[in-house]
Structures are given as C-alpha cells and as structure tokens.
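Each chain, written out:
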Amino acid sequence: MDRNEVLLVGRLSAGVEEHSLPSGDTVAKWRIIVRRRRNRRGATLTDSIPCVTFDPETAATVRGLKPRDYMEVTGSFRCRVFGPSAAKIWRYEVEVSSARPYEADVPLPDDLPDNPTHSIHGSLAALIPRQVAYLAPAS
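Calculation rules
Residues numbered from 1 in each chain as written. Predicted model: local features only at pLDDT ≥ 70, side-chain atom pairs only at ≥ 80, totals over all residues. Heavy atoms only, no water. Helix = DSSP H or I, 4+ residues; strand = E, 2+ residues; numbered from the N terminus. Buried < 20%, exposed > 50% of the residue type's maximum accessible area, 1.4 Å probe, protein only. Polar contact = N/O pair within 3.5 Å; in protein donor to acceptor, adjacent residues only side chain to side chain. Core = buried A, V, L, I, M, F, W, Y, C linked by side-chain atoms within 4.5 Å. Contact = heavy atoms within 4.5 Å. Pairing = 2+ DSSP bridges. Salt bridge = Lys/Arg side-chain N within 4 Å of Asp/Glu carboxyl O.

1. Regarding the environment of E5
Step number 1: Turning to its location among the elements, E5 is positioned in the segment before β1 (6-12).
Step number 2: Looking at E5, the relative accessible area reads 57%, which means it is exposed.
Step number 3: Sequence separation of E5 and G75 is 70 residues, and the distance between their C-alpha atoms is 5.9 Å.
Step number 4: Reaching out from E5, the side chain makes a polar contact with the side chain of R3 at a distance of 2.5 Å.

Put into structure tokens, the structure is as follows:
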C-alpha cells in the first residue's frame, strides 16, 4: 500500500505568512530548518523545507512559535504545479496536518563530556549558554 507520511523535527526559520485564496480559504506558509548528519569534513548542513497548512488550528499553533523555536510537524509530501502551460513551475512542500512545539532533550552544560566535538551533542553545546556560579564584583 502506498504511504505519504512526513515527520519533521527542526527549527522554525521565520514567522508564518498567511495568504487568502480565491476560494476563500487561507493558507499558512513557513519553512522549517532541519539539520543533516555531519558530513565527512565535519560540517553540519541544513535543509530549509517549505511547509503549508490549510487548517486554522495548525496555523495558530505555528503562529504562536518564535523563529528558531523547535517544532515537530506531521503531514504529507506534495508537488504543486503553477503557471501557464508553456512555463510550468514545480514546487515541493509538506502539507502539514499537525504541528506542535518540540521540547528537545538538551543536556545541561555540566552533563556534557570534556570534548563535545566527539559527542552527538557537540553541535548543541555551542548553543547552550554556560552557567555562571556568581558575578564578580566590579571595581
């Protein structure tokens, strides 16, 4: 049996754009940034995946997020064709049926190994602010 199911976990790239369609429906559009596994040279690559929804509840959930917030979306992969027959434009996107904020299991700085570059959490370590035990008095 054919299946078209997509599950993405990543970061919201920017705010949601909403467009009214001639049918009266509203479509919400956004992009989700998903990291790939590190390549052989150690660089981390990302994909920016276009997402859309026609569901007002799903759109409201995504509107409640800020750019760079983690989110999880489920939906279906779609290919849409636009334009006149002589100059067709093909676009691929995920038509999202549900979205929710995603709470990543991010380790505390004290839980990280001594050399985070050899850890699966190495890329997260750079994003976690270090805890300050106390502030030194200013002189």
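After that view, the rundown keeps rolling.
2. A few points about the nonpolar core
Step number 1: Ranked by internal contacts, the top residues of the largest apolar core, which has 16 residues, are L8, W30, I32, M71, V73 and V96.
Step number 2: Discounting chain neighbours no more than four positions away, the residues touching M71 are L8, V9, G10, L12, W30, I32, V62, L65, A99, R100, P101 and Y102.

3. Some thoughts on the side chain of E72
Step number 1: By the secondary structure assignment, E72 is in strand β5 (residues 70-82).
Step number 2: Under the relative-accessibility criterion, E72 is labelled buried at 17%.
Step number 3: Look past the residues within four positions of E72 in its chain and what remains in contact with it is L7, L8, V9, S98, A99, R100 and Y102.

4. Quick look at the pairing of strand β2 (residues 17-20)
Step number 1: By the bridge criterion, four bridges tie β2 to strand β3 (residues 26-35) in an arrangement that is antiparallel. Bridge pairing in β3 links H19 to V27.
Step number 2: As consecutive antiparallel partners, β2 and β3 are separated by five residues, and within that stretch G24 has a phi angle of approximately 100°, a positive value.

5. Details of the pattern of salt bridges
Pairing between side chains of opposite charge can happen when their charged atoms approach one another.
Step number 1: Counted under the stated rule, the structure contains seven salt bridges.
Step number 2: Residues E5 and R3 are paired through a salt bridge, measuring 2.5 Å at the closest nitrogen-oxygen approach. Taken as a pair, E5 and R3 share a single burial class, namely exposed.
Step number 3: With its nearest N and O atoms 2.5 Å apart, the salt bridge here joins E18 to R63. Residue E18 is located in strand β2, and its partner R63 is located in helix α1 (residues 56-63); the two are separated by 45 residues in the primary sequence.
Step number 4: A relative accessible area of 45% places R63 in the partly exposed class.
Step number 5: Counted as one network, the salt bridges with shared partners bring together R78, R80, E93 and E95.

6. Side note on the side chain of T58
Step number 1: Structurally, the position occupied by T58 is in helix α1.
Step number 2: Setting aside residues up to four positions removed in sequence, T58 forms contacts with T53, V96, S97, S98 and A99.

7. What to know about unusual backbone geometry
Step number 1: The phi dihedral of R68 is positive, around 80°, even though this residue is not glycine.
Step number 2: Tracing the sequence through the fold places R68 in the loop between α1 and β5.

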